[in-house]
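# Summary of the model geometry
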Amino acid sequence: MLFRTVAGETLAITQTTHAWVSGQLARAWGNDLTGAVEPREAVCLAAEQHDIGWLNREPEPSLNIEAGRPRSFLELPPETHLGEIWSQAGHMALLTNRYAALLVSMHGTNLYGRFRGDPTAANGLAQPFLESQDAFQAKLIASLRDDPNYASYVAEDVLRRNQRLVALWDRLSLDICRGLSQPDQIEKVPFAAADQPLTIAPVNNDPDRFTIDPWPFSQDHVNLIFEGRVLSERFTDEATLNAGLANAPWRSIGVRLNPAE
């Protein structure tokens, strides 16, 4: 779960909602500067489902007792991140599409790849997680290589580019959903000719308007929509938290992206 606070109002936004925004960005992405995304539908699906592992966690989130609200996704322990969420994410995506499942798994191993070779990292959970996901990915790649619809897309450079795009849309979505207040420059974005930086910046302190530079989308502007629940009280225990979330009013947010002037 993540949070957006605007004008004193705090919205609780699920990880799966944030992933939906990633999918909206992915489907709008693409022009002469960025080059094509291929296989487009499977990559867009991976962007939209990259946090599918949170489906079983978000309905009953754990409580940050000091804040009086659900824990954010950054506040959960490795046992939750790796044992419950990322270890299952690729398998859950596999119910829909192999290539998307491969990218979802690669997104998880990219997040924890800095721990390779360290048996103590993440309370000793990182290395077993990475090894199990490596095996899962290898099996999927072997299967996809034998499929004429996907064989050309499992070359290492193509897979790595698509994994980086999913990570990029993830970051942009987090900026947007949380109501970015300062420009965020993202280095080494995979464009058609070469990697280059991309900057997202709020417009006139408006949390619902952003510029993107250089412009990576096929249309001259992009409209996004997502929603969350308004948190109007502090919670003292998880039973009250879950009941409060279930009854909290919904709020939808419309965001507009434009090129920088």
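Everything below is about the structure shown above.
Quick caveat: nothing in here was measured; it's all calculated off a predicted structure. (Residues numbered from 1 in each chain as written. Predicted model: local features only at pLDDT ≥ 70, side-chain atom pairs only at ≥ 80, totals over all residues. Heavy atoms only, no water.)

## Notes on the packing of aromatic side chains
Under the definition given, this model contains 7 aromatic pairs. Here W29 and W169 contribute two aromatic rings whose centre-to-centre distance is 5.9 Å and whose plane-to-plane angle is 75°, an arrangement assigned as edge-to-face. Here W29 is found in the loop between α1 (15-28) and α2 (40-49), whereas its partner W169 is found in helix α7 (residues 156-177), with 140 residues between them in sequence. For W29, a relative accessible area of 1% puts it in the buried group. Among the aromatic residues, those joined into a ring-pair cluster are W29, W169, F191, W215 and F217. (Phe/Tyr/Trp six-rings, centres within 6.5 Å; stacked < 30°, edge-to-face > 60°. Helix = DSSP H or I, 4+ residues; strand = E, 2+ residues; numbered from the N terminus. Buried < 20%, exposed > 50% of the residue type's maximum accessible area, 1.4 Å probe, protein only.)

## So, the packing of helix α3 (residues 78-93) against helix α6 (residues 126-145)
Helix packing geometry: the angle between the two helix axes and the distance between the axes. As a packed pair, α3 and α6 sit with axes 10 Å apart at the nearest point and diverge in direction by 5°. With respect to each other, α3 and α6 are oriented roughly parallel. Facing α3, whose interface residues are L82, W86, S87, G90 and H91, α6 presents A126, F129, Q133 and F136. Partitioned by chemical class, the residues of the contact of α3 with α6 number 5 nonpolar, 4 polar and no charged. (Axes fitted to C-alpha atoms, helices over the stretch in contact; angles between N-to-C directions. Parallel < 35°, antiparallel > 145°, perpendicular 65-115°, else oblique. Contact = heavy atoms within 4.5 Å. Nonpolar A, V, L, I, M, F, W, Y, C, P; charged D, E, K, R; others polar.)

## As for the pairing of strand β2 (residues 9-13)
With 4 of its 5 residues buried, β2 lies for the most part within the structure. Hairpin connection, strand β1 (residues 2-6) to β2: the antiparallel pair is bridged by 2 residues, and A7 has positive phi, about 50°. (Pairing = 2+ DSSP bridges.)

## Brief notes about empty space enclosed by the protein
Counting across every chain of the model gives 1 cavity of 30 Å³ or more. Taken as a whole, the largest cavity holds about 30 Å³ of empty space. If you trace the largest cavity, you find it lined by M1, W54, R57, E58, P61, S62, R71 and L76. In terms of residue class, the lining of the largest cavity is made up of 4 nonpolar, 1 polar and 3 charged. (1 Å grid on protein atoms, 1.4 Å probe; cavity = no way out; pocket = protein on both sides within 12 Å on 5 of 7 lines; lining within 4 Å. Points joined across faces, edges and corners; volume = space filled by probe spheres on them.)

## Let's talk about the side chain of T109
Here T109 lies in helix α4 (residues 98-112). Its relative accessible area of 8% is what places T109 among the buried residues. A polar atom in the side chain of T109 sits 3.3 Å from the side chain of Q137. Apart from the residues lying within four places of it in its own chain, the contact partners of T109 are R116, F129, L130, Q133 and Q137. (Polar contact = N/O pair within 3.5 Å; in protein donor to acceptor, adjacent residues only side chain to side chain.)

## Some points on the pattern of salt bridges
Taken as a whole, this structure holds 8 salt bridges when the rule is applied. One salt bridge in this structure joins D147 and R98, with 2.5 Å as the shortest N-O distance. On the criterion of sequence distance, the pair formed by D147 in the loop between α6 and α7 and R98 in helix α4 is long-range, its members being 49 residues apart. Taking the relative accessible area as the measure of exposure, D147 reaches 15% and is therefore buried. Linking D195 and R164 is a salt bridge whose minimum nitrogen-to-oxygen distance equals 2.9 Å. Of this pair, D195 sits in strand β6 (residues 195-203) while R164 sits in helix α7, placing them 31 residues apart in sequence. (Salt bridge = Lys/Arg side-chain N within 4 Å of Asp/Glu carboxyl O.)

## Observations regarding the sheet that holds β2
Taken together, the 7 strands give an open sheet; going across it, the order is β1-β2-β8-β9-β7-β6-β5, and neighbouring strands pair in mixed fashion. Looking at which strands have only one partner, the edges of the open sheet turn out to be β1 and β5 (184-190). Between one strand and the next, the sheet's axes are offset by a mean angle of 35°, whatever the strand orientation. Across 4 bridges, strand β7 (residues 206-213) lies against strand β9 (residues 250-259) in parallel orientation. By the bridge assignment, R209 is partnered in β9 with R256.

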